[in-house]
Amino acid sequence: MQYRNPILSGMYPDPSICRVEDDFYLVTSTFCYFPGVPIFHSRDLIHWRQIGHCLNRDSQLNLKGKHSAHGIYAPTIRYHEGTFYMVTTLVGEHGGNFYVTTDDPTGSWSDPVWLEQEGIDPTLYFEDGRVYLLSTGTPSGIYMSEIDLLTGKCLTTPRLLWGGMGGRYPEGPHLYRIGTYYYLMISEGGTEYAHRLTMARSSNLWGPYTPCPHNPIFSHQDHPSSPLQATGHGDLVMDTRGQWWVVCLAIRPSAGFPTHHLGRETLLLPAAWDEAGWLVINQGKLAALMMEADTLPAFPYPDPPSRDTFEGASLDLRWNFIRNPPSASWSLVDHPRRLRLLGQSATLDDGGSPTFIGQRQSALNCQIRTQFSFLPAHEGEEAGIALYQNEHHHYEFGVTRRAGERVVFVRQRIGVLSPITFEHVLAEDSSAVVTLRVEASPLEYRFVYTLGDGIEHPAGIALTRYLSSEVAGGFTGVFVGMYAISPASEAVTPADFHWFELISQDE
Ligand code: 6LW
């Protein structure tokens with residue numbers, strides 16, 4: 001049966017997976033986006049539906065002041081004796097490793113239990129009533145301690161299990177008991193083009209761990225022509241038939257010279273054990289955009305609607321804020337069937353929580369559109385569509401009041417540059433309703449706007465490469481959404497969004 005990779009398109013890095021009977025659950029990293037750690041469900045490993053977020057309360061996740069490349073790093077999800085555990089790292093000041101629990105992954109998760117052990121990329125292993133925590137450590141390697149789940153304290157001193165094969169940044173550990181061995185799978189090389197999975201095993205939980213003779217067990221590092229790169233940070237799961245699968249991250253460099261702007265995405269790869277008891281991923285072949293494998297019976301979910309008309313009482317799960325949002329900055333109830341945004345003085349250049357609600361750009365080729373009503377009364381008020389990689393690399397396509405006139409404009413923030421690359425004055429008596437369209441292709445974004453007359457007006461282009469991770473830095477991917485700014489803190493003009501849609505045009 002064929003299936004397409006990525007199985008989760010857009011910024012869904014560092015995937016971790018577990019199975020409970022026929023149900024699979026998967027979580028990914030979210031950095032400074034709120035809510036944190038989306039959780040997905042599947043029955044066939046190919047069709048996934050988001051069922052919630054593990055961290056959706058301020059008491060669970062405080063991202064205030066966190067650098068955009070910090071926040072929530074790699075999560076791990078595990079199930080043990082009726083309880084789901086999600087363990088992760090809050091990187092930055094007052095951060096550390098912590099876990100939350102639930103008995104219903106579609107519902108709320110607990111408040112954090114902070115863990116004593118340092119490092120990043122925590123994972124849990126349960127055996128004989130004991131719980132073990134693994135994470136990266138110093139000097140470079142993977143460290144493990146036995147922990148007290150209730151207190152988060154180490155019951156044993158974290159001990160080096162394995163330093164990897166010598167690649168930089170040994171990280172992303174997961175430990176499995178399979179047959180008579182303990183298997184430790186990690187990533188090395190850094191989460192860029194030299195990324196690779198390596199494995200070691202031991203008959204004893206505490207080692208010594210013997211490296212797999214064919215390490216790296218998976219990598220695209222020597223295959224620059226592959227459309228998938230940076231493969232690594234994997235987790236292993238067995239399906240109900242006893243067949244094995246690996247989920248891992250990859251990037252799709254597409255913006256000309258090797259740059260990627262969608263972020264690191266999640267792949268699914270078949271795996272099997274060879275006669276020597278070592279894991280072989282995808283029969284030793286490279287991952288492909290179109291895979292052939294002995295998949296589980298299909299259990300498709302209906303595609304979520306591409307257009308959100310904001311008629312619900314709560315935001316769709318696909319929407320995210322930059323850090324914890326001020327509750328007064330948005331509303332679904334102030335104006336029925338509208339998402340009302342109230343601008344703050346914070347702009348998308350700031351490291352705070354500007355008024356922005358976005359979703360992952362999940363396709364290289366897609367059409368992004370929104371219709372909104374906005375009559376900026378004060379100089380400098382603005383609202384529209386934002387394409388956001390981080391506070392130094394983002395594009396805005398919107399309406400503002402500049403020098404007393406209402407204008408539609410495009411601004412491109414690229415590092416220290418922030419030019420207005422398009423501007424057109426709107427007649428004061430023209431309708432407040434404007435439709436904005438962004439045509440996204442691998443190399444560029446093309447801007448088009450429509451006023452009440454229905455005539456489409458071009459507003460120029462911007463290059464995707466300047467929103468790529470290689471240019472912008474960091475670990476995230478482009479988010480597309482709606483934003484508003486209002487320098488005047490009193491009498492803010494609301495921007496009422498009628499609908500927003502992202503229509504994928506990828507194969
Ligand atoms: C994560 C590390 C990695 O903690 O990137 O891809 C870091 N691997 O394991 C942030 O995603």
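Please read all numbers here as calculations on a predicted model, not as lab measurements.

Description of the overall build of the chain
Inference 1: Helix and strand counts for the chain stand at one helix and 40 strands.
Inference 2: Here the C-alpha atoms of the chain give a radius of gyration of 23 Å, agreeing with the 23 Å that 2.2 N^0.38 yields for 507 residues.
Inference 3: With respect to the principal axes defined by its C-alpha atoms, the chain has extents near 80 × 45 × 40 Å.
Inference 4: A buried classification covers 59% of the 507 residues belonging to the chain.
Inference 5: Counting contacts in the chain only where the partners sit at least 6 residues apart, residues at least 24 apart contribute 58% of the total.
Inference 6: When the accessible surface of the chain is summed, it comes to about 19300 Å², and 53% of that surface belongs to carbon and sulfur atoms.
Inference 7: Charge separation in the chain, taken as the distance between the mean sites of 35 positive and 55 negative side-chain charges, equals 1 Å.

A short note on the site of the ligand
Inference 1: Lining the immediate environment of the ligand, one finds D14, F31, Y73, A74, I120, D121, E171, T191, H195, H233, L249 and R264.
Inference 2: T191 places a polar side-chain atom, nitrogen or oxygen, 2.8 Å from an oxygen atom of the ligand.
Inference 3: Residue H233 places a side-chain N or O atom 2.9 Å away from an oxygen atom belonging to the ligand.
Inference 4: Relative to its free-state accessible area of 290 Å², the ligand is covered by the protein chains to the extent of 98%.
Inference 5: Taken together, the residues of the shell around the ligand sort by class into five nonpolar, three polar and four charged.

Some details on the nonpolar core
Inference 1: Core analysis: the biggest nonpolar cluster contains 43 residues, and L339, I368, L387, F397, Y445 and F447 have the highest contact counts within it.
Inference 2: Apart from the residues lying within four places of it in its own chain, the contact partners of F447 are L387, Y395, F397, V410, R437, V438, H457, P458, A459, G460, I461 and A462.
Inference 3: Counting residues in hydrophobic clusters, the runner-up holds 40 residues, among them W48, I178, W244 and C248.

Section: the sheet that holds strand β21 (residues 229-238)
Inference 1: Ordered in space as β21-β22-β23-β24, the four strands form an open sheet in which the pairing is antiparallel. Strands at the two margins of the open sheet, each flanked by one partner only, are β21 and β24 (279-281). In this sheet, adjacent strand axes meet at a mean angle of 35 degrees when their direction is disregarded.
Inference 2: The sheet contact formed by strand β22 (residues 244-251) and strand β23 (residues 265-273) spans seven bridges and is antiparallel. Paired with V246 across the bridge in β23 is L269.

Quick notes on the packing of aromatic side chains
Inference 1: Across all of its chains, the model carries 27 aromatic pairs by this definition.
Inference 2: Taking 5.0 Å as the distance between ring centres and 45 degrees as the angle between the ring planes, the aromatic pair formed by Y85 and F126 counts as tilted. Residue Y85 is found in strand β9 (residues 83-91), and its partner F126 is found in strand β12 (residues 123-127); the two are separated by 41 residues along the sequence.
Inference 3: When its relative accessible area of 10% is taken as the criterion, Y85 is described as buried.
Inference 4: Overall, the relative accessible area of 14% leaves F126 in the buried class.
Inference 5: Chaining the aromatic ring pairs together yields one cluster made of Y181, Y183, W244, W273 and W278.
Inference 6: Across the ring face of Y181, the terminal group of R201 is positioned such that the distance to the ring centre comes to 4.0 Å.

A few points about the sheet that holds strand β14 (residues 141-147)
Inference 1: Taken together, the four strands give an open sheet; going across it, the order is β12-β13-β14-β15, and neighbouring strands pair in antiparallel fashion. Whereas interior strands pair on both sides, the edge strands pair on one side only; in this sheet they are β12 and β15 (159-162). Direction aside, neighbouring strands of the sheet carry axes that sit 35 degrees apart on average.
Inference 2: Both β12 and strand β13 (residues 130-137) contribute to a ladder of five bridges, which runs antiparallel. Bridge pairing in β13 places E127 opposite R130.

Some points on the pairing of β13
The two faces of a sheet get side chains in turn, since along a regular strand they alternate between them.
Inference 1: Burial within β13 is extensive, with six of its eight residues counted as buried.
Inference 2: Between β12 and the antiparallel strand that follows it, β13, lie two residues; D128 among them carries a positive phi value of about 50 degrees.
Inference 3: Sheet analysis places β13 next to β14, joined by seven bridges and oriented antiparallel. Counted as the bridge partner of G137 is G141 from β14.

Overview of the environment of E118
Inference 1: As for its position among the elements, E118 is in the loop between β11 (113-114) and β12.
Inference 2: Here E118 falls in the exposed class, since its relative accessible area comes to 67%.
Inference 3: When the C-alpha positions of E118 and R4 are compared, they lie 37 Å apart, and in sequence the two are 114 residues distant.
Inference 4: Contacts of E118, omitting those with residues within four sequence positions, involve N97, S135 and T136.

What about the domain arrangement of the chain?
Inference 1: Annotation of the chain at the domain level lists domain 1 (2-292) and domain 2 (307-504).
Inference 2: At the interface, 41 residues of domain 1 touch 33 residues of domain 2.
Inference 3: Summed over both sides, the interface between domain 1 and domain 2 buries roughly 2900 Å², with carbon and sulfur atoms accounting for 58% of that surface.
Inference 4: Where domain 1 packs against domain 2, one counts zero salt bridges.
Inference 5: Run the count over domain 1 and domain 2 and you get 13 residue pairs in polar contact (both at pLDDT 80 or more).

Calculation criteria
Residues numbered from 1 in each chain as written. Predicted model: local features only at pLDDT ≥ 70, side-chain atom pairs only at ≥ 80, totals over all residues. Heavy atoms only, no water. Helix = DSSP H or I, 4+ residues; strand = E, 2+ residues; numbered from the N terminus. Rg over C-alpha atoms; globule rule 2.2 N^0.38 Å. Buried < 20%, exposed > 50% of the residue type's maximum accessible area, 1.4 Å probe, protein only. Contact = heavy atoms within 4.5 Å. Areas by Shrake-Rupley, 256 points an atom, 1.4 Å probe, with all protein chains shown as cover. Lys, Arg positive; Asp, Glu negative; His and termini not counted. Charge placed at Lys NZ, Arg CZ, Asp CG, Glu CD. Near = heavy atom within 4 Å. Polar contact = N/O pair within 3.5 Å; in protein donor to acceptor, adjacent residues only side chain to side chain. Nonpolar A, V, L, I, M, F, W, Y, C, P; charged D, E, K, R; others polar. Core = buried A, V, L, I, M, F, W, Y, C linked by side-chain atoms within 4.5 Å. Pairing = 2+ DSSP bridges. Axes fitted to C-alpha atoms, helices over the stretch in contact; angles between N-to-C directions. Phe/Tyr/Trp six-rings, centres within 6.5 Å; stacked < 30°, edge-to-face > 60°. Lys NZ or Arg CZ within 6 Å of the ring centre and 35° of its normal. Domains from an automatic or database assignment. Buried area = accessible area lost by both parts, 1.4 Å probe. Salt bridge = Lys/Arg side-chain N within 4 Å of Asp/Glu carboxyl O.

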